[in-house]
Amino acid sequence: MVHVVLVSGWQTVNIGDVAHTPGALRAFQRYAPEARLTLWARSIDENVRKMLNRYFPDVEIVEDRVVPGEPLTAELERLFADGDLLVHGSGPSLVAKVELAEWRRRTGKPHGIFGVTVDPLRPYVSTLDRAATMVGAIDGDLLTELEREVLDTAAFVYCRDSLTERFLAGQELGAPTIAFGPDATVMFDVVDDSDGRAVFAEYGLRPGRFLCVVPRLRFTPYHQIRNYPPAAEDVRRSAYNAGYLKSDLDVLRQTVIGWVRATGEPALVVPEMSYAMEVAEAEFAGTFPADVAGLVHILPRFWDLTEAAAVYRRAGAVVSMECHSPLIALAEGVPSLYLRQPTDTIKGQMYNDLGLPLIELGPGADAAAGQLLQKIVDDRPAAAERTHETRDGAQERVRGMVEVAIAAVGSRNR
């Protein structure tokens, strides 16, 4: 029996980051049911731990951390001795590069990357079209020594967007497989409808007859979320956010107005990150026209992944300025639309790669979003069919990723 160790779990203030983990676990459960799975969790809390124990009772969870240059804990000694393959879960970067390097150096066993973004353009901001031009113009080594080590020696490197794939393909790496592979969130299907019951009851929602919208600032205010004194860069980012807050959120506002007027159905403003509802309350409350206001609800709290997924799966559509709520909706076969801000990373290219609707925020974005949403409203069965086809195609790609991962263990043993 192959023992796969998944290193994942980056933070819990973002349900998108939480979704990477159960998505990858589900992928291996579905496509390599004979494999034994252990989660090496970087950061989980009690709610996430309960969710994982509920849906993945056979998956052991290890939370000990590696300190380079120091001995492993007894728990990690056991894990390194017993595991056959270390897989870096989907994420915004090589978050666990230290863990990958320690695994390689101490065990010599294979490791691989399961759908990440490596953005060589940060902190520059741009549209994806401009980003593609920039990536194509890169001429030189833009990887750190540690990044190069873990990528060069990986058995496989799956990039969740084709711009990352293009960048890494030009970095002269030795990995035998560098290819596009979807973010594992597309596999997140461990949902119980009862988890969304309270929201449905509170707002009188009907399955398939409401819209979910997800707001976002251009830069995440981590100093507020994690309660530390803002550094100069935090101050700059807060000022930048203020410059675009009203124009960005007005695209969502106009989308909500268009939905309510076209359908007579409610819209629910919900978070992907923990700070979002404070922003929504401040910017949306009392700003909708009289004929719309009574059908716009703002969830006044953060929610966990399973509650969000249970609501998304019965929504008519999801429109999000965050990148992962549309993927959670996709996994449930629900039409969605991603509104990308130019401060976001090149990860947004995954929407073009998967064939999912994406609109770059800027002039005309509200009209474009309204047109795409109207297309969903005009023919809901066709929109659902397109979404199911896209999901099935993405999940078939994930199947191939799992097969390559398992084969990497077999190649080493031959």
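The structure under discussion appears in the preceding block.
Let me begin by describing the structure that accompanies this report.

How each quantity is defined
Residues numbered from 1 in each chain as written. Predicted model: local features only at pLDDT ≥ 70, side-chain atom pairs only at ≥ 80, totals over all residues. Heavy atoms only, no water. Helix = DSSP H or I, 4+ residues; strand = E, 2+ residues; numbered from the N terminus. Rg over C-alpha atoms; globule rule 2.2 N^0.38 Å. Buried < 20%, exposed > 50% of the residue type's maximum accessible area, 1.4 Å probe, protein only. Contact = heavy atoms within 4.5 Å. Areas by Shrake-Rupley, 256 points an atom, 1.4 Å probe, with all protein chains shown as cover. Axes fitted to C-alpha atoms, helices over the stretch in contact; angles between N-to-C directions. Parallel < 35°, antiparallel > 145°, perpendicular 65-115°, else oblique. Left-handed = near helix turned anticlockwise from the far one by under 90°. Nonpolar A, V, L, I, M, F, W, Y, C, P; charged D, E, K, R; others polar. Pairing = 2+ DSSP bridges. Lys, Arg positive; Asp, Glu negative; His and termini not counted. Salt bridge = Lys/Arg side-chain N within 4 Å of Asp/Glu carboxyl O. Phe/Tyr/Trp six-rings, centres within 6.5 Å; stacked < 30°, edge-to-face > 60°. Lys NZ or Arg CZ within 6 Å of the ring centre and 35° of its normal.

## Topic: the overall build of the protein chain
Scanning the protein chain from N- to C-terminus turns up 17 helices and 13 strands. Taken over the C-alpha trace, the protein chain has a radius of gyration of 21 Å; the compact-globule value for 414 residues is 22 Å, and the two agree within 12%. Looking at the 414 residues of the protein chain, the share that counts as buried comes to 57%. Pairs at least 24 residues apart make up 74% of the contacts formed inside the protein chain by residues separated by at least 6 positions. For the protein chain, the accessible area works out to roughly 16,600 Å², and carbon and sulfur atoms hold 49% of it.

## Focus on the packing of helix H1 (residues 15-31) against helix H2 (residues 46-55)
Their axes nearest at 11 Å, the elements H1 and H2 cross at an angle of 15 degrees. Classed by the angle they form, the pair H1 and H2 counts as roughly parallel. Helix-helix and strand crossings are classified by hand; for H1 and H2 the assignment is right-handed. Contacts from Val18, Thr21, Pro22 and Leu25 in H1 reach Val48, Met51 and Leu52 in H2. Across the contact of H1 with H2, the residue classes break down as six nonpolar, one polar and no charged.

## So, the sheet that holds strand S11 (residues 317-320)
On the basis of which strands lie adjacent, the open sheet formed by six strands has the order S10-S9-S8-S11-S12-S13 and parallel pairing. Unpaired on one side and paired on the other, strand S10 (296-298) and strand S13 (358-360) mark the two borders of the sheet. For this sheet, the mean angle separating the axes of adjacent strands, direction not counted, is 20 degrees. Judged from the three bridges that link them, S11 and strand S12 (residues 336-340) form a sheet pairing that is parallel. Across the sheet, residue Val318 finds its bridge partner in S12, namely Ser336.

## Side note on the side chain of Glu272
For Glu272, the position within the fold is in the loop between strand S9 (267-269) and helix H11 (276-284). Lacking a salt bridge, the buried Glu272 has Lys347 as its closest oppositely charged neighbour, with an N-O distance of 6.5 Å. Setting aside residues up to four positions removed in sequence, Glu272 forms contacts with Val13, Asn14, Ile15, Gly16, Val214, Phe302, Ser320, Glu322, Cys323, His324 and Ser325.

## A short note on the packing of aromatic side chains
Applying the stated criterion across every chain yields a total of ten aromatic pairs. On the basis of an interplanar angle of 75 degrees and a centroid distance of 5.6 Å, the ring pair of Trp40 and Phe80 is categorised as edge-to-face. Note that Trp40 is positioned in strand S2 (residues 36-41) and Phe80 in helix H3 (residues 74-82), a separation of 40 residues in sequence. Of the two residues examined, Trp40 and Phe80, each falls in the buried class. For the pair Phe156 and Tyr158, a centre-to-centre distance of 5.9 Å together with 45 degrees between the ring planes defines the contact as tilted. Assessed through its relative accessible area of 7%, Tyr158 is described here as buried. Positioned above the aromatic ring of Tyr244 is the side chain of Arg218, whose terminal nitrogen or guanidinium carbon lies 3.7 Å from the ring centre. The aromatic ring of Phe200 is capped on one face by Arg314, whose charged end is 3.9 Å from the ring centroid.

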